[in-house]
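# Structure at a glance
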Amino acid sequence: MAIRNIVTEEDEILTKPCRKVERFDARLHTLIDDMKETLKAAEGAGLAAPQVGVLRQICIIDAVEGEEPLELINPEILSAQGAQADAEGCLSFPDQWALVERPTKVTVRAQDRFGNWFERTGEDLTARCFCHEIDHLHGVVFLSKAQRMLTQEELESGSYKEG
Ligand code: CO
């Protein structure tokens, strides 16, 4: 496994749509393992393949405490309910935080690294991560959905949650 370089906001790869994964082979598995190691090293909640320079529909979600990161290949959102506005960031936009509204409960359908389809429902932070990472696969970054940017002070005090 290897840690890959995470591209940042000026890289136009972040605004391009990803192609579907068609081959569930050793090359894919190496990429996924590298993405997991990269995410762990960066201490993020999720990582999408375009963030490591690969325009394929692959993302990793690590939002559930004590659980192995979830691998989503060719994911799609089946249903979404509710709304939550909260602070959101992205490993490709270091030190930038924004208030973003997302659903509170999201069900996704995706393939695992062997091509088997599965469904998974996530709430709260996991639902937010599903939306954020799947957006990346369509060339959409979180800032385009931001209600407004948050300052470091607002982030630390949590004052944005009241108003
Ligand atoms: Co991101």
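Scoring rules and cut-offs
Residues numbered from 1 in each chain as written. Predicted model: local features only at pLDDT ≥ 70, side-chain atom pairs only at ≥ 80, totals over all residues. Heavy atoms only, no water. Helix = DSSP H or I, 4+ residues; strand = E, 2+ residues; numbered from the N terminus. Buried < 20%, exposed > 50% of the residue type's maximum accessible area, 1.4 Å probe, protein only. Polar contact = N/O pair within 3.5 Å; in protein donor to acceptor, adjacent residues only side chain to side chain. Pairing = 2+ DSSP bridges. Axes fitted to C-alpha atoms, helices over the stretch in contact; angles between N-to-C directions. Contact = heavy atoms within 4.5 Å.

### Overview of the side chain of arginine 113
Inspection of the secondary structure assignment puts arginine 113 in the loop between β6 (105-111) and β7 (117-123). Relative accessible area serves as the criterion here: at 14%, arginine 113 is assigned to the buried category. A distance of 2.7 Å separates polar atoms of two side chains, one belonging to arginine 113 and the other to aspartate 33.

### A word on the pairing of β6
The element β6 is largely enclosed, with a buried count of five among its seven residues. Inspection of the sheet shows strand β3 (residues 70-81) paired to β6 by six bridges, in the antiparallel sense. Within β6, the position partnered with isoleucine 77 by the bridge is valine 108. Summarising the sheet, β6 and β7 pair through seven bridges and their orientation is antiparallel. From the neighbouring strand, valine 108 faces β7, where its bridge partner is arginine 120.

### Comments concerning the sheet that holds strand β5 (residues 97-102)
Neighbouring strands of a sheet are bound in pairs by backbone hydrogen bonds; such pairs are parallel or else antiparallel. Read from one edge to the other, the open sheet built from three strands follows the order β4-β5-β8, with strand pairing classed as antiparallel. Every interior strand has two partners, whereas the edge strands, β4 (84-88) and β8 (146-150), have only one. Across this sheet, the average inter-strand angle for adjacent strands is 25°, counted without regard to direction. Where β5 and β8 come together, four bridges link them in antiparallel fashion. Looking at β8, one finds that alanine 98 is bridged to methionine 149. Docked against the sheet, helix α2 (residues 125-137) engages β4 and β5, running at close to 65° with respect to β4.

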